[in-house]
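Chain and residue survey
The lines below spell out each chain.
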Amino acid sequence: MNRFLLTAALILAPFALAGDPPQPATVVEIAVGSPDHTTLVTALKAADYVRSLQNAGPFTVFAPTNAAFAKLPKGTVEGLVKPESKEALQNILKYHVAVSVYETRFMKEGMKLGVANGGNVVFHVKDGKTYVNDALIVGSARAGNGIVHIIDGVLLPPAPAAK
């Protein structure tokens, strides 16, 4: 038991000295560790997008909850996680990711943010609450490679313009 305590103390000492609690290493670890993000984790795995989000980043991830996915029309999630829908799923997931760290305190009304699929999301501030597109940011969690903003809706990229 004493050996365990000594090992734990040595591992956690740098965090204690820094005054900050240890952070999960990646934005993926935050999602994997959350019982409210099992659908998101399933989608990340189906899209082969886990490894990308385990990189150094930094990333800002807008992470829909299971309840957010449940708001989609019946069968949508099941259809998207099929192998033949991988490209569409990747596009949707990349619409939830930006390179760099964007904290809510810097998100202003009407501000646009470029996301990994090449599109843009728009922030709105209403009654002191911050929204990305129409999804409310209900919480945030820092990781070693970025930040996760928990949202109450799934962000759907605009349909491509007709040619």
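These numbers come from a predicted model, not from an experiment. (Residues numbered from 1 in each chain as written. Predicted model: local features only at pLDDT ≥ 70, side-chain atom pairs only at ≥ 80, totals over all residues. Heavy atoms only, no water.)

1. A closer look at helix 3 (residues 38-46)
As a reminder, the rule being used: Type-normalised accessible area, obtained with a 1.4 Å probe on protein chains alone, sets the label of each residue: buried when under 20%, exposed when over 50%, and partly exposed for intermediate values. Runs of E in the DSSP output that reach at least two residues are strands. Runs of H or I that reach at least four are helices, and both are numbered from the N terminus. In what follows, a contact means two residues having at least one pair of non-hydrogen atoms within 4.5 Å.
Within helix 3, burial applies to Thr-39, Leu-40, Val-41, Ala-43 and Leu-44. Contacts from the buried residues of helix 3 go to helix 2 (27-32), helix 4 (50-53), strand 1 (59-64), helix 5 (66-70), helix 6 (76-80) and helix 7 (86-94). With its phi angle positive at about 55°, Asp-48 sits one or two positions after the end of helix 3.

2. Considerations on the sheet that holds strand 4 (residues 120-126)
In plain terms, the rule: When DSSP locates at least two bridges between a pair of strands, those strands are taken to pair. The angle between two axes is taken between their N-to-C directions and runs from 0 to 180 degrees, where each axis is a line fitted to C-alpha atoms and a helix contributes only its stretch in contact.
If you walk across this open sheet you meet the seven strands as 2-1-7-6-5-4-3, and the pairing is mixed. Each edge of the open sheet is held by one strand with a lone partner, namely strand 2 (97-99) and strand 3 (112-114). On average, each strand axis in the sheet is inclined to that of its neighbour by 35°, with strand direction left out of account. Two elements, strand 1 and strand 2, share three bridges in a ladder whose sense is antiparallel. What sits directly across from Phe-59, in strand 2, is Val-99.

3. A few points about the confidence of the model for the chain
Under the convention used in this document: Values of pLDDT, ranging from 0 to 100, describe the predictor's confidence in every residue of the model.
In this model, the chain carries a mean pLDDT of 84, and residues with pLDDT of at least 70 account for 83%. Within the chain, helix 1 (residues 2-18) has the poorest average pLDDT of any element, 38, and strand 5 (residues 129-132) the best, 97.

4. Digging into the pattern of salt bridges
The following threshold applies: A carboxyl oxygen of Asp or Glu within 4 Å of a side-chain nitrogen of Lys or Arg is what we treat as a salt bridge.
This structure, assessed with the given rule, holds three salt bridges. For Arg-105, the salt bridge identified is with Glu-103, shortest N-O distance 2.9 Å. For Arg-105, a relative accessible area of 56% translates into the label exposed. One salt bridge in this structure joins Glu-103 and Arg-142, with 2.8 Å as the shortest N-O distance.

5. Comments concerning the pairing of strand 6 (residues 135-143)
Across two bridges, the pairing between strand 5 and strand 6 is antiparallel. Within the sheet, the bridge partner assigned to Val-132 lies in strand 6 and is Ala-135. The hairpin turn running from strand 5 into strand 6, its antiparallel successor, is two residues long, and Asn-133 in that turn takes a positive phi close to 55°. In this structure, strand 6 lies alongside strand 7 (residues 146-151), joined through six bridges in antiparallel fashion. In the strand pairing of strand 7, Arg-142 is matched with Ile-147.

6. A word on the pairing of strand 7
Regular strands have side chains that alternate between both faces of the sheet. When you tally the buried positions in strand 7, you get five out of six residues, the bulk of the element. With six bridges joining them, strand 1 and strand 7 adopt parallel strand pairing. Opposite Ala-63, over in strand 7, you have Ile-150 as the bridge partner. Between strand 6 and the antiparallel strand that follows it, strand 7, lie two residues.

7. Structural notes on unusual backbone geometry
Positive phi, normally seen in glycine, also occurs at Asp-48, with a value near 55°. Along the chain, the position of Asp-48 falls in the loop between helix 3 and helix 4. We note that Asp-127 has phi near 50°; this positive angle belongs to a residue other than glycine. With respect to the secondary-structure elements, Asp-127 resides in the loop between strand 4 and strand 5.

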